Amino acid sequence: MASVNVIIVAAGSGLRFGAPLPKQFCNLNGRPVVMATIEALRSSLPEARLTLVINPDMEDLWLDLCSKHNFQSPEITHGGATRWESVRNAIIKSDEAEIILVHDAVRPMISDKIIKPLMSAITSDNSVDGAIPAVPVTDSLRIVKEDGTSSSIDRNIMRAVQTPQAFKGDRLRKAYSLPYRREFTDDASVMESAGFSHIVLTEGSHDNIKITNPGDIAVAEILIKERTGK
Ligand code: C5P
């Protein structure tokens, strides 16, 4: 079995969320969102090494939450001003793991259903640089131009990309040693810009929501209730 490191990025300020705390520390069924995320990863990947990336200003709060909830924190690394910097900080410190997964702390709904096909895609073939879960787009889409006009595009050829994203460790380390570019929105875009473009899409899930707006917590609670009966 290949060695696996999972980097959980939780160093964002969550400005769009409008709550006093970043969304990853807000309450989901009685405990912080990020604890649910870590627990789901521990359950699906029991052998993996987990690294949690947080803002240094949040470290005391996080450690207090861990003792309050009797929760064992993964190893902590400090994040940076952008998601790219946060991932890079963890990668610099990462061991020689053969496979690295990067996951947004604000996606607590992950499960074996997403992780199993992802792990099998990234480990199946040495030529595969990365595997990423994706789902069809349900909204109609338009491209907006600089002059404010817009035109429709065919949503059937589009996919919405989720996390965790899985990569060959040595190639991801190399991709993150290159300079930052503004168009990086996820780790697959960083890999592609380094020339590692064999990225396989695996089946994501519409349940794998990214907690972005306050109403998303209520949605996650309903989904958990449906899944567990609690
Ligand atoms: O901002 P966005 O919602 O795209 O963030 C996705 C994930 O990246 C979140 O879990 C957030 O905490 C993390 N992040 C980070 N460091 C940053 C910005 C975002 O770890 N500087």
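In case you missed it, the structure is sitting above this.
Asks: I'd love a proper account of the overall build of the protein, names of residues and values included.
Replies: Regarding its fold elements, the protein presents seven helices and 12 strands. Principal-axis analysis of the C-alpha atoms places the extent of the protein at approximately 50 × 40 × 35 Å. Residue burial in the protein is summarised as follows: out of 230 residues, 48% are buried. In the protein, the share of contacts with a sequence separation of at least 24, taken over all contacts with a separation of at least 6, comes to 71%. Considering the protein, the positive charge centre built from 26 side chains and the negative charge centre built from 29 side chains are found 3 Å apart.

Asks: Could you give an account of the packing of helix α1 (residues 33–44) against helix α2 (residues 59–68), naming the residues involved and the relevant values?
Replies: One way to put it is that α1 packs onto α2 with a least axis distance of 11 Å and a crossing angle of 65°. The angle between α1 and α2 places the two elements in the roughly perpendicular class. As α1 packs across α2, the resulting crossing turns out to be right-handed. Note on element contacts: α2 touches α1 through Trp62, Leu65 and Cys66, opposite Val34, Met35 and Ile38. Of the residues belonging to the contact of α1 with α2, the class tally is six nonpolar, no polar and no charged.

Asks: I'd like a description of the site of the ligand, backed by residues and values.
Replies: The immediate surroundings of the ligand are formed by 16 residues, with Val9, Ala11, Gly12, Gly80 and Ser86 found nearest. Between the ligand and glycine 12 there is a distance of 2.9 Å, counted from an oxygen atom to a backbone nitrogen or oxygen. When the free accessible area of the ligand is taken as 460 Å², the share hidden by the protein chains comes to 84%. When its residues are assigned to classes, the shell around the ligand shows six nonpolar, five polar and five charged.

Asks: Would you mind going over α2 in detail, with residue names and values included?
Replies: Restricting attention to buried positions, one finds in α2 the residues Trp62, Leu65 and Cys66. For α2, the angular spread of the buried residues around the axis is 100°, confining them to a single face. With respect to the buried face of α2, the exposed residues turned more than 90 degrees away are Asp60, Asp64, Ser67 and Lys68. Phi turns positive one or two residues past the end of α2, at asparagine 70, with a value near 50°.

Asks: So what about the packing of aromatic side chains? Which residues, and what values?
Replies: Using the criterion set out here, one finds five aromatic pairs in the structure. On the basis of an interplanar angle of 80° and a centroid distance of 6.0 Å, the ring pair of tyrosine 180 and phenylalanine 184 is categorised as edge-to-face. Relative accessible area serves as the criterion here: at 38%, tyrosine 180 is assigned to the partly exposed category. These aromatic residues form a ring-pair network of at least three members: Trp84, Tyr176, Tyr180 and Phe184.

Asks: Residue-level account of unusual backbone geometry, with values.
Replies: In this structure, proline 164 follows threonine 163 across a cis peptide bond, with omega equal to 5°. With respect to the helices and strands, proline 164 occurs in the loop between β10 (159–161) and β11 (165–168). In this structure, asparagine 29 takes a positive phi of about 50° despite not being glycine. A positive phi angle, near 50°, is found at asparagine 70, a position not held by glycine. With respect to the helices and strands, asparagine 70 occurs in the loop between α2 and β5 (75–78).

Asks: Run through the layout of surface pockets, naming residues and quoting values.
Replies: Roughly 290 Å³ of volume is contained in the second largest pocket. What lines the second largest pocket is simply Leu28, Asn29, Arg31, Ala36, Glu39, Ala40, Pro108, Met109, Ile110, Ile224, Arg227 and Thr228. Across the lining of the second largest pocket, the residue classes tally to seven nonpolar, two polar and three charged.

Asks: A description of the pairing of strand β6 (residues 99–104) should follow, citing residues and the corresponding values.
Replies: For β6, the buried fraction is high: six of the six residues fall into the buried class. Of the two faces of β6, the one lined by Ile99, Leu101 and His103 and the one lined by Ile100, Val102 and Asp104 are each fully buried. Looking at chain direction, β6 and β11 are connected through four bridges and run antiparallel. Residue pairing in the sheet places isoleucine 99 in a bridge with lysine 168 of β11.

Reading guide: rules and limits
Residues numbered from 1 in each chain as written. Predicted model: local features only at pLDDT ≥ 70, side-chain atom pairs only at ≥ 80, totals over all residues. Heavy atoms only, no water. Helix = DSSP H or I, 4+ residues; strand = E, 2+ residues; numbered from the N terminus. Buried < 20%, exposed > 50% of the residue type's maximum accessible area, 1.4 Å probe, protein only. Contact = heavy atoms within 4.5 Å. Lys, Arg positive; Asp, Glu negative; His and termini not counted. Charge placed at Lys NZ, Arg CZ, Asp CG, Glu CD. Axes fitted to C-alpha atoms, helices over the stretch in contact; angles between N-to-C directions. Parallel < 35°, antiparallel > 145°, perpendicular 65-115°, else oblique. Left-handed = near helix turned anticlockwise from the far one by under 90°. Nonpolar A, V, L, I, M, F, W, Y, C, P; charged D, E, K, R; others polar. Near = heavy atom within 4 Å. Polar contact = N/O pair within 3.5 Å; in protein donor to acceptor, adjacent residues only side chain to side chain. Areas by Shrake-Rupley, 256 points an atom, 1.4 Å probe, with all protein chains shown as cover. Arc of directions from axis to C-beta. Phe/Tyr/Trp six-rings, centres within 6.5 Å; stacked < 30°, edge-to-face > 60°. 1 Å grid on protein atoms, 1.4 Å probe; cavity = no way out; pocket = protein on both sides within 12 Å on 5 of 7 lines; lining within 4 Å. Points joined across faces, edges and corners; volume = space filled by probe spheres on them. Pairing = 2+ DSSP bridges.

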